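# Overview (structure and organization)
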Amino acid sequence: MEAVSRTAQWTAAARALETDREDRLFADPYARTVADTIGFELLERYAGAGTVPFLAIRTTYLDRQIVRTVQEHGIRQVVFLAAGMDTRFYRLPWPDGVTVYELDRPALLEAKAEMLAGEPRPAGRDRVAVPVDLTQDWTGSLKEAGWRSDEPVLWVVEGLLFFLPEHAVRNLISTLAGHSAPGSVLLGDVISKSALENPLSRPFLKSLEEDGNPWLFGTETPEELLAECGWDVREVRQPGEDGADFGRWPYPVPARSVPRVPRSFLFTCDLPTTEVRAA
């Protein structure tokens, strides 16, 4: 798999560690399988960056928002962009009739399919793997896979935006808004620009760069970014704040007014209902 795709196994390894805890926030019985040896090697290589508690919180936040969205909003199309080694199709309680689309590089999706080949597919839901390069035009491939732009969709952009340059981030988020029907929802995460500039982050960021997956983008104002790209921001949470703590965040959370603080943001957005979106 491409270097940037291997970080998906790093995330899976962190989910496996959380699953092993007696006080676990979630159970991902497939995480250790898809993490494979490389996932735990990367977890050790990137140790000390605070990523394990963050990944537990991010997974929990998105799990709960995904379940709430499909149950309360009645959305039946869910699209994971850069799905990586995510196994939510198998482990979340999806309502009947949901179709989960997983977009990622062809090599990653092939490797994932091999790893999970022996797992039974849960009844009442469908999973469609869509091999694409998200830096290129991918909407046509998604439509060919059965996704409908005239029906509400839940987009999940987890662990992706910091790997892209700013113009690509804006283009992607704007594309999601432009191809969404009223009632659509966007979930995801992004980091602050200060997280890329903090001296304490240099060893971690250098390791990522050496491994071929540098972090490129951060913003101090995620609300402005999302709004400028066509979304109504319902909430933005930092790990450790109410609604994004879950008893896992071990660090203080300085106020947003404090400058030059490395931050991570988890967000939930809705499509504005006052505008007509492109089909």
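The coordinates are above.
These notes cover the structure that comes with them. Source: prediction; values computed, not measured.

Conventions we followed
- Residues numbered from 1 in each chain as written.
- Predicted model: local features only at pLDDT ≥ 70, side-chain atom pairs only at ≥ 80, totals over all residues.
- Heavy atoms only, no water.
- Core = buried A, V, L, I, M, F, W, Y, C linked by side-chain atoms within 4.5 Å.
- Buried < 20%, exposed > 50% of the residue type's maximum accessible area, 1.4 Å probe, protein only.
- Helix = DSSP H or I, 4+ residues; strand = E, 2+ residues; numbered from the N terminus.
- Contact = heavy atoms within 4.5 Å.
- Polar contact = N/O pair within 3.5 Å; in protein donor to acceptor, adjacent residues only side chain to side chain.
- Phe/Tyr/Trp six-rings, centres within 6.5 Å; stacked < 30°, edge-to-face > 60°.
- Pairing = 2+ DSSP bridges.
- Axes fitted to C-alpha atoms, helices over the stretch in contact; angles between N-to-C directions.
- Disulfide = S-S within 2.5 Å.

Within the largest apolar cluster, 47 residues are counted, with the highest numbers of intra-cluster contacts made by Trp10, Ile66, Val78, Phe80, Trp94, Leu154 and Trp215. In terms of residue count, the dominant contributor to this core is helix 3 (residues 51-72) (eight residues). Other than its neighbours up to four places away in sequence, Ile66 contacts Phe80, Arg88, Leu92, Trp94, Leu154, Val156 and Leu187.

Attention now goes to the side chain of Ser192. Position of Ser192 among the secondary structure elements: in the loop between strand 5 (185-191) and helix 8 (193-197). For Ser192, a relative accessible area of 0% translates into the label buried. Side-chain polar atoms of Ser192 contact the backbone nitrogen of Arg263, separated by 2.9 Å. Contact partners of Ser192, with chain neighbours within four places excluded, come to Gly218, Thr219, Glu220, Val261, Pro262, Arg263 and Phe265.

This part takes up the packing of aromatic side chains. This structure, assessed with the given rule, holds twelve aromatic pairs. Between the aromatic rings of Phe163 and Trp215, the centroid separation amounts to 6.5 Å while the plane-to-plane angle is 85 degrees, which identifies the pairing as edge-to-face. In this pair, Phe163 sits in the loop between strand 4 (154-157) and helix 7 (166-178) while Trp215 sits in the loop between helix 9 (202-210) and helix 10 (222-228), placing the two residues 52 residues apart along the sequence. Members of the aromatic cluster, joined through ring pairs, are Trp10, Tyr46, Phe162, Phe163, Phe204 and Trp215.

As a further point, take the sheet that holds strand 6 (residues 232-237). On the basis of which strands lie adjacent, the open sheet formed by seven strands has the order 3-2-1-4-5-7-6 and mixed pairing. The strands lining the two open edges of the sheet, one partner per strand, are strand 3 (125-131) and strand 6. Going from strand to strand, the sheet's axes swing by 20 degrees on average, the running direction of each strand aside. The sheet strands contacting helix 3 are strand 1 (77-81), strand 4, strand 5, strand 6 and strand 7 (264-270), and the helix crosses strand 7 at an angle near 10 degrees.

Time to look at the pairing of strand 7. Within strand 7, seven of the seven residues are buried, which leaves it mostly tucked inside the rest of the structure. Side chains of strand 7 alternate between two faces, with Ser264, Leu266, Thr268 and Asp270 and Phe265, Phe267 and Cys269 buried alike. For strand 5 and strand 7, the ladder comprises seven bridges, and the chain directions are antiparallel. Looking at strand 7, one finds that Ile191 is bridged to Ser264. Relative to strand 7, strand 6 runs antiparallel, the two being bridged by five bridges. Pairing of Arg237 across the sheet is with Leu266, part of strand 7.

Under the criterion given, the structure shown has zero disulfides. Cysteine Cys269 remains unbridged, with the sulfur of Cys229 as its closest cysteine sulfur at 9.9 Å. Look at Cys269 and you get buried, because its relative accessible area is 0%.

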